Amino acid sequence: VATIIYVQEGQRRIPIQYASRVRGRRMYQGGQTFLPLRVNQAGVIPIIFAVSILLFPSQIASYFTTAEGLVGDIATGIVNLLGSSSPLYVALYFFLTVGFTYFYTAFTFKPDETAEQLRKNGGFIPGIRPGRPTQDYLARVVTRITVAGAIFLGVVAALPPFISLVRPDFQNIALGGTGILIVVSVVVETMKQLEAQLLIRQYEGFIR
């Protein structure tokens, strides 16, 4: 649980500098802030995608395991090959989760739009020119931090079936890394919402 919280809350803070600018009759003072890029931006979605793809062929094949002849043999082989206790299932589960983490992160975070928004608002990353250089820099940073997030999700997803594969006596333990990941994410997000609501009402923060 502590590891999941540590990685889920981990982020790379990109410094953003805003120059002073004039709009109409108003002058906006420049300042410095940061752009938070989370290590695990995809959340639990890649694990859901990976499980769906792995379960689909075995679920279809399970309907034909009672058939006679070649069809029944092929269906039984598919069920055994993609069963949760097979080495192929664990390996595919890990690599599919890693792959979908990159895919979903690229789908949700668009460096070109972020760079364009920064340019329109007069913001820039110190040492990086606005426009295409900023876009390339953000894409490079996201690609690097997604490595840690993808491996983390892959380990969380594949560790329980791997332990069951190594130690068959642990197969009856219905505690998966995915369930813990979902519970921790919901609890942390709920605490953040409570903290935000209390601060809006000028009360003391929930988290001290």
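Preceding block: the structure.
Quick summary incoming for the structure in this document. As the structure is a prediction and not an experimental result, all values here were calculated from the model.

### Considerations on the pattern of salt bridges
Here is step 1 of the chain: Under the defined criterion, the tally for this structure stands at 3 salt bridges.
Here is step 2 of the chain: Across the pair E9 and K192 runs a salt bridge, and its minimum N-O distance is 2.9 Å. Here E9, found in the loop between α1 (2-8) and β1 (11-18), pairs with K192, found in helix α7 (residues 177-200); they are 183 residues apart in sequence, far enough to count as distant.
Here is step 3 of the chain: Given a relative accessible area of 39%, K192 falls into the partly exposed group.
Here is step 4 of the chain: A salt bridge links D136 to R132; the shortest N-O distance between them is 3.1 Å. Residue D136 and its partner R132 are located together in helix α6 (residues 132-166), separated by 4 residues, close to a single helical turn.
Here is step 5 of the chain: For D136, a relative accessible area of 35% corresponds to the partly exposed category.

### So, a nonpolar patch on the surface
Here is step 1 of the chain: Taken together, the side chains of Y102, V147, I151, V155, L159, F162, I163 and V166 present a nonpolar region at the surface, about 640 Å² in accessible area.
Here is step 2 of the chain: Of note, I151 is situated in helix α6.
Here is step 3 of the chain: You can call I151 partly exposed: its relative accessible area is 44%.

### Some remarks on the side chain of T114
Here is step 1 of the chain: Relative to the elements of secondary structure, T114 occurs in helix α5 (residues 111-120).
Here is step 2 of the chain: Using a relative accessible area of 18% as the deciding quantity, one classes T114 as buried.

### Description of helix α4 (residues 87-108)
Here is step 1 of the chain: Relative to the 32 Å expected for 22 residues at 1.5 Å per residue, α4 spans 32 Å between its end C-alpha atoms, a close match to the ideal helical length.
Here is step 2 of the chain: Along α4, the residues that are buried comprise Y89, V90, Y93, T97, V98, F100, T101 and T105.
Here is step 3 of the chain: Packing partners of the buried residues in α4 comprise α2 (45-62), α3 (70-81), α6 and α7.

### Digging into the packing of aromatic side chains
Here is step 1 of the chain: Throughout the structure, instances matching the rule amount to 3 aromatic pairs.
Here is step 2 of the chain: On the basis of an interplanar angle of 70 degrees and a centroid distance of 5.5 Å, the ring pair of F49 and F100 is categorised as edge-to-face. One end of the pair, F49, is in helix α2; the other, F100, is in helix α4, and 51 residues separate them in sequence.
Here is step 3 of the chain: Judged by relative accessible area, F100 falls into the buried class, the value being 18%.
Here is step 4 of the chain: Taking the centre distance of 5.6 Å and the plane angle of 50 degrees together, the rings of Y89 and Y93 count as tilted. Taken together, the residues span about one helical turn, with Y89 and Y93 both in helix α4 at a distance of 4 residues.
Here is step 5 of the chain: Using a relative accessible area of 8% as the deciding quantity, one classes Y89 as buried.

The rules behind the values
Residues numbered from 1 in each chain as written. Predicted model: local features only at pLDDT ≥ 70, side-chain atom pairs only at ≥ 80, totals over all residues. Heavy atoms only, no water. Salt bridge = Lys/Arg side-chain N within 4 Å of Asp/Glu carboxyl O. Helix = DSSP H or I, 4+ residues; strand = E, 2+ residues; numbered from the N terminus. Buried < 20%, exposed > 50% of the residue type's maximum accessible area, 1.4 Å probe, protein only. Patch = residues over 30% accessible without salt bridge, like charges linked within 9 Å, V, L, I, M, F, W, Y side chains within 5 Å. Areas by Shrake-Rupley, 256 points an atom, 1.4 Å probe, with all protein chains shown as cover. Expected span 1.5 Å × (residues − 1). Contact = heavy atoms within 4.5 Å. Phe/Tyr/Trp six-rings, centres within 6.5 Å; stacked < 30°, edge-to-face > 60°.

Worth remembering: the numbers are spatial, not functional.
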